[in-house]
Amino acid sequence: MKKQWAFFAALLVCLTASYTVAYNGLESFEPAREDGNYDARLYLAMYQGKLVEQYAKCRALTPLLAKWLPMPSDSFFDPSRKNLPDWPARVKFTLVNFCFLVLTGTTLFCFLQEAGFGSWESLAGCLLFYSARPVVQSAGGPMVEASAYLFFLLCLYEIRRQNPWAFAAFFL
């Protein structure tokens, strides 16, 4: 029963931290800013169905999920936000990245527990992940980092479990 409560506490922490990171990404992204938004513009173009160049073609999962996700009700947002550029796409990317961040945090908690760390240490590891600069800066906006963190961690998990088939699936 103690492990169940520890997982429940970790889930609450992961939900809260993921919301903070995702909301920060939604609010801090400025499409007009020329520096630092090159990748985000590629993923937004993918979301809109445009052809993109280079490596971004291989990272289609997050833009595809964002495109398929229905837009939340307008009652959740200030009416003045409707006129912001790419607002629906940014909201959908944020929701997809929020889900990936929650899954990453809870998977990290389980991974650390299986590696022999205690509940508090595993929770501290999750908090270190959520407070890392790349996570705070890039995991919430229209980017693919949140999914990359999850699949990288799942690959590590399968290496530890010595499961080459699951590793290959997550690696793809």
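What counts, and where the lines are drawn
- Residues numbered from 1 in each chain as written.
- Predicted model: local features only at pLDDT ≥ 70, side-chain atom pairs only at ≥ 80, totals over all residues.
- Heavy atoms only, no water.
- Helix = DSSP H or I, 4+ residues; strand = E, 2+ residues; numbered from the N terminus.
- Buried < 20%, exposed > 50% of the residue type's maximum accessible area, 1.4 Å probe, protein only.
- Core = buried A, V, L, I, M, F, W, Y, C linked by side-chain atoms within 4.5 Å.
- Contact = heavy atoms within 4.5 Å.
- Phe/Tyr/Trp six-rings, centres within 6.5 Å; stacked < 30°, edge-to-face > 60°.
- Lys NZ or Arg CZ within 6 Å of the ring centre and 35° of its normal.
- Axes fitted to C-alpha atoms, helices over the stretch in contact; angles between N-to-C directions.
- Parallel < 35°, antiparallel > 145°, perpendicular 65-115°, else oblique.
- pLDDT = per-residue confidence, 0-100.

(A) How the structure looks around the environment of Ala 148. Take Ala 148: it is sitting in helix H7 (residues 145-161). Look at Ala 148 and you get partly exposed, because its relative accessible area is 42%. Separated by 86 residues in sequence, Ala 148 and Thr 62 have C-alpha atoms that sit 9.6 Å apart.

(B) Layout of the nonpolar core. Grouped together as the largest cluster of nonpolar side chains are 37 residues, with contacts concentrated most on Leu 101 and Tyr 130. Those elements that provide at least two residues to this core are helix H1 (2-28), helix H2 (38-47), helix H4 (87-114), helix H5 (119-131) and H7. Sequence-distant contacts of Tyr 130, defined by excluding residues within four places in its chain, comprise Cys 14, Ala 17, Ser 18, Val 21, Leu 101, Val 102, Gly 105, Val 135 and Val 136.

(C) Spotlight on unusual backbone geometry. For Gln 162, which is not glycine, the phi torsion reads 60° and is therefore positive. Its place among the elements puts Gln 162 in the loop between H7 and helix H8 (164-171).

(D) Geometry of the packing of aromatic side chains. Overall, the coordinates contain 10 aromatic pairs when judged by the stated rule. Arranged with centres 5.8 Å apart and planes meeting at 15°, the rings of Tyr 19 and Tyr 23 form a pair that is stacked. In this pair, Tyr 19 and Tyr 23 both sit in helix H1, four residues apart, roughly one turn of the helix. Here the aromatic residues Phe 100, Phe 151 and Phe 170 are joined through ring pairs into a cluster of three or more. Across from the ring centre of Tyr 47, 5.9 Å away, lies the NZ or CZ of Lys 67, which sits over that ring.

(E) Layout of the packing of H2 against H4. At a closest axis distance of 11 Å, the pairing of H2 and H4 adopts a crossing angle of 100°. Relative to H4, H2 is oriented roughly perpendicular. When H2 is examined against H4, the residues Tyr 43, Leu 44 and Tyr 47 are found in contact with a partner set consisting of Pro 88, Ala 89, Lys 92 and Phe 93.

(F) Broad picture of the confidence of the model for the protein chain. Across the protein chain, the average pLDDT comes to 85, with 86% of residues at 70 or higher. Within the protein chain, no element has a lower average pLDDT than H2, which sits at 80, and none a higher one than H5, at 94.

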